[in-house]
Amino acid sequence: IRDEIDVLDDLIGRLLELTKAETLYQHERPLEVDFSSLVREATKRHLPQLQEKGVSFEQDLPSTLPYSCRPLEMRDTISGLMDNAVKYVEPGGRVALAMRTTDTVLELDLVNSFRTLTDKELKDIFDPFKRLASEDIPGNGLGLALARNAILRHRGVISARNSDQGFMIRILLPLSDELPQMDA
């Protein structure tokens, strides 16, 4: 019975954390910000961890990029994605963040030199409480679900895939009120 109580207590705690995270940004209004600066700020706190693990970090961002968003939510989303990239990269590995735009879309790619994921892992990775079963890394399985919800609230698309460089998260965000065709 004690084990069942612990499992239920953990589940309740995780559900409360999900609810709290989803309501935190509810009243934040969109503002035009320099998205490149926002991304730099979101990644800066992870630099000591990258150095500690001997991981190379490459960042390719436009010098400035005006974008209308909920800045706290987007900063925390990018920071959460970086947190995952740092946690799931092997010592001596590589993390790369690149951002570019077209006439209609802002594209952000975050890649780390993690192992190749199975099709099932890629399919389920944005579901709340899903964790990579073979990995013994701390976390609650909410980071990518929260990121997906934040990107959807910004009318964007987020996807996960294996790439030549490793595991990749791709975010596509519209640059205007007209929604372009976006397949991440």
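Just above, that's the structure.
Residues numbered from 1 in each chain as written. Predicted model: local features only at pLDDT ≥ 70, side-chain atom pairs only at ≥ 80, totals over all residues. Heavy atoms only, no water.

Trainee: How should I be thinking about the environment of Asp34 in this particular structure?
Mentor: Of note, Asp34 is situated in strand β1 (residues 31-34). A residue is classified by how much of its surface remains accessible, and Asp34, at 25% relative accessible area, is partly exposed. Among the polar contacts listed, one links the side chain of Asp34 to the backbone nitrogen of Leu65, at a separation of 3.0 Å. (Helix = DSSP H or I, 4+ residues; strand = E, 2+ residues; numbered from the N terminus. Buried < 20%, exposed > 50% of the residue type's maximum accessible area, 1.4 Å probe, protein only. Polar contact = N/O pair within 3.5 Å; in protein donor to acceptor, adjacent residues only side chain to side chain.)

Trainee: Which parts of the structure should I look at to understand the side chain of Asn84?
Mentor: Following the sequence through the fold, Asn84 ends up in helix α4 (residues 71-87). Under the relative-accessibility criterion, Asn84 is labelled buried at 18%. The contact partners of Asn84, leaving out residues within four places of it in the chain, are Asn112 and Leu144. (Contact = heavy atoms within 4.5 Å.)

Trainee: Is there a simple way to explain the pairing of strand β5 (residues 105-112) in this structure?
Mentor: For a regular strand, side-chain orientation follows a simple rule: the groups alternate between the two sheet faces. Of all eight residues that make up β5, eight are buried, and the element is covered over most of its length. Side chains of β5 alternate between two faces, with Val105, Glu107, Asp109 and Val111 and Leu106, Leu108, Leu110 and Asn112 buried alike. In this sheet, β5 lies alongside strand β4 (residues 94-101) in antiparallel orientation, the contact comprising seven bridges. Bridged to Ala96 within β5 is Val111. Here β4 hands over to β5 after three residues, the two strands then running antiparallel side by side. Pairing of β5 with strand β7 (residues 166-174) involves eight bridges; the strand directions are antiparallel. Note that in β7 the partner of Val111 across the bridge is Met168. (Pairing = 2+ DSSP bridges.)

Trainee: Would you take a moment to explain the packing of helix α2 (residues 35-44) against α4 for this structure?
Mentor: To characterise two packed helices, one gives the angle between the axes of the helices and the distance between these axes. Where α2 meets α4, the closest approach of the two axes is 8 Å, and the angle between their N-to-C directions is 45°. As summarised for this structure, α2 and α4 are arranged oblique, according to the angle between their axes. Handedness of the α2/α4 crossing: right-handed. For the pair α2 and α4, the contacting residues are Phe35, Leu38, Val39, Glu41, Ala42 and Thr43 in the first and Pro71, Met74, Arg75, Ile78, Ser79 and Met82 in the second. When its residues are assigned to classes, the contact of α2 with α4 shows eight nonpolar, two polar and two charged. (Axes fitted to C-alpha atoms, helices over the stretch in contact; angles between N-to-C directions. Parallel < 35°, antiparallel > 145°, perpendicular 65-115°, else oblique. Left-handed = near helix turned anticlockwise from the far one by under 90°. Nonpolar A, V, L, I, M, F, W, Y, C, P; charged D, E, K, R; others polar.)

Trainee: Help me understand the pattern of salt bridges, please; the structure alone is not making it clear to me.
Mentor: Proximity of charged atoms lets side chains of opposite charge pair with each other. This structure, assessed with the given rule, holds 13 salt bridges. Notably, a salt bridge pairs Glu73 with Arg70, separated by 3.8 Å at the nearest N-O pair. A relative accessible area of 0% places Glu73 in the buried class. The salt bridge involving Lys87 is made with Asp83; its shortest N-O contact spans 3.9 Å. Of this pair, Lys87 and Asp83 both sit in helix α4, four residues apart, roughly one helical turn. A relative accessible area of 27% places Lys87 in the partly exposed class. Connected through shared salt-bridge partners, Arg100, Glu107, Asp109 and Arg170 make up one network. (Salt bridge = Lys/Arg side-chain N within 4 Å of Asp/Glu carboxyl O.)

Trainee: Help me understand α4, please; the structure alone is not making it clear to me.
Mentor: In an α-helix, one full turn covers 3.6 residues, which means residues spaced three or four apart are oriented alike. When the terminal C-alpha atoms of α4 are compared, their 24 Å separation across 17 residues agrees well with the 24 Å that a helix rising 1.5 Å per residue should span. For α4, the set of buried residues is Pro71, Glu73, Met74, Thr77, Ile78, Ser79, Leu81, Met82, Asn84, Ala85 and Val86. (Expected span 1.5 Å × (residues − 1).)

Trainee: For this particular structure, what's the right way to read the packing of α4 against helix α6 (residues 143-153)?
Mentor: In contact at an axis separation of 10 Å, α4 and α6 are set at 145° when each is read in the N-to-C sense. α4 and α6 meet at a crossing whose hand is left-handed. Residues Glu73, Met74, Thr77, Leu81 and Asn84 of α4 form the contact with α6, whose own contacting residues are Leu144, Ala147, Ala150, Ile151 and Arg153.

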